[in-house]
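Read off the chains here:
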Amino acid sequence: MDETAPPRGRRRDALENREALLEAAARLLRRDPEASIDAVAAEAGLSRRALYGHFPSRDALLGELVERGTARIASALADVGDPDPAAHVARIGMALWQEVSDVKLVARVIVRGPLERAAARGLEPIRASLRDAVARGAASGAFRSDADPAIVARLIEDSALAVLDEVVRRGLGDAEARHLVVVTALGVAGLSWRDAAAVAMAVGAA
């Protein structure tokens, strides 16, 4: 037996403290992106010293949160797709709503700071899937063709994040939130709200 190895109970406590810190940081940062290290430690019921024992800096803590968040989002959307471009976009929107907590956390940090590139890399497969759907829709005449599909896809992404913020702020129910996310995204793509609502209903019932 290695007498220098830390007791199993101590290792378990350390892992539990690390998870508590990550969960506390996620809760706080979704509400306040500028939450301090001290606030995170207090939320977790731990000392600032304990926090620094796990994460050498605030960026290190954020980095792990972003890595986890992007991994969960990417995993949830990995198999999302549809031969019909409108249904494809609708399915992406619905899947994003299911992961809204991680989406909101990642979105808060992806637009600025040293974590932007890491988060963008993790989300690139989803963005590529959306660009593909928009390009197919524009080519078929189902979507608007007055702008580059890459620009339209980015506008859809931005609008979806804005809607996610609003539905969470208002506390909308699950069905209403999914519907609003999808209809807004498809509206940006060029569908009328009635046609977008029909797609949302069809995909939601599938």
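Residues numbered from 1 in each chain as written. Predicted model: local features only at pLDDT ≥ 70, side-chain atom pairs only at ≥ 80, totals over all residues. Heavy atoms only, no water.

As annotated in an unreviewed UniProt entry, the protein chain carries the name HTH tetR-type domain-containing protein and is attributed to Microbacterium barkeri.

Let us look at the overall build of the protein chain. Of regular secondary structure, the protein chain possesses ten helices and zero strands. Across the 206 residues in the protein chain, those meeting the buried criterion constitute 38%. In the protein chain, once contacts between residues fewer than 6 apart in sequence are set aside, the share between residues at least 24 apart is 63%. Carbon and sulfur atoms make up 53% of the accessible area of the protein chain, which amounts to about 11300 Å² in all. (Helix = DSSP H or I, 4+ residues; strand = E, 2+ residues; numbered from the N terminus. Buried < 20%, exposed > 50% of the residue type's maximum accessible area, 1.4 Å probe, protein only. Contact = heavy atoms within 4.5 Å. Areas by Shrake-Rupley, 256 points an atom, 1.4 Å probe, with all protein chains shown as cover.)

Along the chain, Ser 129 turns up in helix H7 (residues 116-140). With relative accessibility at 19%, the residue Ser 129 sits in the buried group.

A few words on the pattern of salt bridges. The full count for this structure, using the stated rule, is 14 salt bridges. Residue Arg 91 pairs with Asp 82 through a salt bridge whose shortest N-O separation is 3.0 Å. When its relative accessible area of 27% is taken as the criterion, Arg 91 is described as partly exposed. With a shortest N-O distance of 3.8 Å, Arg 154 and Glu 157 are connected by a salt bridge. Here Arg 154 pairs with Glu 157, and both are found in helix H8 (residues 149-170), just three residues apart, close to one helical turn. Residue Glu 157 is classed as buried on the basis of its relative accessible area of 18%. Three or more residues are tied together by salt bridges with common partners; here these are Arg 18, Glu 19, Glu 64 and Arg 68. (Salt bridge = Lys/Arg side-chain N within 4 Å of Asp/Glu carboxyl O.)

Let us look at the nonpolar core. Generally speaking, nonpolar side chains in soluble globular proteins are found buried as a group. Leu 77, Ile 156 and Leu 186 are the most contacted members of the largest nonpolar core, which totals 32 residues. Counting only elements with at least two residues in this core, the list comes to helix H4 (58-77), helix H5 (85-98), H7, H8, helix H9 (174-189) and helix H10 (193-205). Examining the composition of this core, we find that eight residues originate from one element, H5, more than from any other. Aside from chain neighbours lying at most four places away, what touches Leu 186 is Ala 86, Val 89, Ala 90, Phe 143, Leu 191, Ala 196 and Val 199. One finds Ala 24, Ile 37, Ala 41 and Ala 44 within the second-largest nonpolar core, a separate group that totals 17 residues. (Core = buried A, V, L, I, M, F, W, Y, C linked by side-chain atoms within 4.5 Å.)

Moving on, we come to the UniProt feature "DNA-binding region" (unreviewed entry) in the protein chain. As annotated by UniProt and renumbered to match this structure, "DNA-binding region" (unreviewed entry) occupies residues 36-55. Annotated as 75% helix and 0% strand, the span residues 36-55 places its first and last C-alpha atoms 13 Å apart. (UniProt positions renumbered as here; feature names shortened; annotations may be inferred.)

Let us now look at the environment of Ile 37. Among the structural elements, Ile 37 can be located in helix H2 (residues 37-44). The spatial distance from the C-alpha of Ile 37 to the C-alpha of Tyr 52 is 8.9 Å, given a sequence separation of 15 residues. Once residues within four sequence positions are removed from consideration, Ile 37 is found in contact with Arg 48, Leu 51, Tyr 52, Arg 58 and Leu 61.

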